[in-house]
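Below are the chains, spelled out letter by letter.
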Amino acid sequence: MSIHLEAPQGAIAEKVLLPGDPLRAKHIAETFLEDVQCYNQVRNMLGFTGTYKGERISVQGTGMGLPSFSIYATELIKDYGVKTLVRVGTCGAIQRDVQLREVLMAQGVCTDSSIISHFFPGISFSPIADFDLLHRAYMISKDRQMQVRVGNVHTSDYFYSENPEAVSRLGEFGVMAVEMETAALYTLAAKYGVKALSLLTVSDHIVTGEQTTSEERQTTFNQMIELALDAIVEGK
Ligand SMILES: O=P(O)(O)O[C@H]1O[C@H](CO)[C@@H](O)[C@H]1O
Ligand SMILES: O=c1cc[nH]c(=O)[nH]1
């Protein structure tokens, strides 16, 4: 047990997928995993362990934003020995040519988060993806002829930005999209020496105002989940 997870020791696999929405964790477990057991219901932040292609994998909801995400990621790593963490989230595109429904692979991440600035006062730390995981996910996506992009994203403390001009300027500098957890994932992975990758489906477009339907989100999302699962089971 940890403070926010009721799982007994050994109930969580070393490789974990991390959606923000706990009901997405349930959907992933029911759709893609076999021999599934729910190991956490504390605060309804559902967590499941099962097998995928014969390998034990867990999937844990994290909630929205860096504070909630950091609680679950820290406990998974420190209290349960998790070694590989892949976020499977949604994001809003901030560059005109990024398409709705595309899957983005966050190679690096900007952030306005006060949480991350406390790690290194006065220094702008650059959180990055694990290269092996990123490379593997990219190669699998090419084999599947999936439309993906690799690049920079922005993790914000705000869903409703107080500074939309700054967000749109990031788009002019090639940042693909905005979401609310990746900077915490990559910073904690660096701190604890574990592997991390963030995959994000573009669910809405901040420049054009386009939005996906829930059905579209589901289909594209499933492609991203299979990509994430295959990237982690093929790795060491
Ligand atoms: O779909 P998830 O994984 O929750 O990710 C995105 O959606 C939430 C905002 O609606 C934030 O958590 C953001 O990062
Ligand atoms: O954080 C998020 C997620 C999806 N779309 C957004 O605009 N922001």
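Worth saying up front: this structure is predicted, and the values here are computed from it rather than measured.

Visitor: Outline the overall build of the protein chain, supporting the account with residue identities and numerical values.
Guide: Check the secondary structure of the protein chain and you find seven helices and nine strands. Against the globule reference of 18 Å for 236 residues, the protein chain gives a C-alpha radius of gyration of 17 Å, in line with a compact fold. When its C-alpha atoms are laid out on the principal axes, the protein chain stretches across 45 × 40 × 30 Å. Per-residue burial for the protein chain yields a buried fraction of 55% across its 236 residues. Accessible area of the protein chain: about 11300 Å², with a carbon and sulfur share of 50%. Computing the positive centroid from 20 side-chain charges and the negative centroid from 28, the protein chain places the two 4 Å apart.

Visitor: Explain the packing of aromatic side chains to me, using residue names and the numbers behind them.
Guide: To describe a pair of aromatic rings, you give the distance between the ring centres and the angle between the ring planes. Inspection of every chain in the model, using the stated rule, returns three aromatic pairs. Look at phenylalanine 119 and phenylalanine 120: their rings are 6.4 Å apart centre to centre, the planes differ by 40°, and that puts the pair in the tilted class. Residue classification places phenylalanine 119 among the partly exposed positions, given a relative accessible area of 33%. For the ring pair phenylalanine 120 and phenylalanine 125, a centre distance of 5.1 Å and an interplane angle of 35° mean the geometry is tilted. We classify phenylalanine 120 as partly exposed; its relative accessible area is 33%.

Visitor: Explain the pairing of strand β3 (residues 47-52) residue by residue, including any values.
Guide: Of all six residues in β3, six are buried; the element is thus mostly enclosed. Residues Gly47, Thr49 and Thr51 line one face of β3 and the alternating positions Phe48, Gly50 and Tyr52 line the opposite face, and both faces are buried. Following strand β2 (residues 34-40), the chain reverses through six residues before pairing antiparallel with β3; arginine 43 in that reversal takes a positive phi of roughly 55°. In terms of strand pairing, β3 meets strand β4 (residues 55-60) through six bridges, oriented antiparallel. Directly across from glycine 50, in β4, lies its bridge partner isoleucine 57. Connecting the antiparallel pair β3 and β4 is a turn made up of two residues, with lysine 53 showing a positive phi of about 50°.

Visitor: Describe in detail the UniProt feature "binding site: phosphate" (unreviewed entry) in the protein chain, supporting the description with residues and values.
Guide: According to UniProt, the feature "binding site: phosphate" (unreviewed entry) maps to Gly20, Arg24, Arg43, Arg87, Val88, Gly89 and Thr90 in the numbering used here. Assignment of secondary structure puts arginine 43 in the loop between β2 and β3. Once you skip the residues sitting within four places of it in the chain, arginine 43 turns out to touch His4 and Tyr72. As for its placement among the helices and strands, glycine 89 is situated in strand β5 (residues 84-93). Sequence-distant contacts of glycine 89, defined by excluding residues within four places in its chain, comprise Arg24, Leu199, Leu200, Thr201, Phe221 and Met224.

Visitor: Outline the nonpolar core, listing residues and values.
Guide: By size, the foremost hydrophobic cluster in this structure holds 71 residues, and its most contacted members are Ile12, Leu17, Val86, Val88 and Leu197. With nine residues, the top contributor of residues to this core is helix α7 (residues 214-233).

Visitor: Describe the site of ligand 1, naming the residues involved and giving the relevant values.
Guide: Neighbouring residues of ligand 1: Gly20, Arg24, Met64, Arg87, Gly89, Thr90, Phe159, Glu179, Met180 and Glu181. Separating an oxygen atom of ligand 1 from a side-chain N or O atom of arginine 24 is a distance of 2.7 Å. Separating an oxygen atom of ligand 1 from a side-chain N or O atom of arginine 87 is a distance of 2.8 Å. The fraction of the free accessible surface of ligand 1 (340 Å²) that becomes covered by protein chains is 85%. The dominant element in the shell around ligand 1, judged by the number of residues it contributes, is β5, at three residues.

Visitor: Could you give me a rundown of the pairing of β2, with the residues and numbers involved?
Guide: On a regular strand, one side chain projects to one face of the sheet and the next to the other, so that they alternate. Across four bridges, the pairing between β2 and β3 is antiparallel. Bridging across to β3, asparagine 40 finds its partner in glycine 47.

Each value, and the rule that gives it
Residues numbered from 1 in each chain as written. Chains lettered and ligands numbered in written order. Predicted model: local features only at pLDDT ≥ 70, side-chain atom pairs only at ≥ 80, totals over all residues. Heavy atoms only, no water. Helix = DSSP H or I, 4+ residues; strand = E, 2+ residues; numbered from the N terminus. Rg over C-alpha atoms; globule rule 2.2 N^0.38 Å. Buried < 20%, exposed > 50% of the residue type's maximum accessible area, 1.4 Å probe, protein only. Areas by Shrake-Rupley, 256 points an atom, 1.4 Å probe, with all protein chains shown as cover. Lys, Arg positive; Asp, Glu negative; His and termini not counted. Charge placed at Lys NZ, Arg CZ, Asp CG, Glu CD. Phe/Tyr/Trp six-rings, centres within 6.5 Å; stacked < 30°, edge-to-face > 60°. Pairing = 2+ DSSP bridges. UniProt positions renumbered as here; feature names shortened; annotations may be inferred. Contact = heavy atoms within 4.5 Å. Core = buried A, V, L, I, M, F, W, Y, C linked by side-chain atoms within 4.5 Å. Near = heavy atom within 4 Å. Polar contact = N/O pair within 3.5 Å; in protein donor to acceptor, adjacent residues only side chain to side chain.

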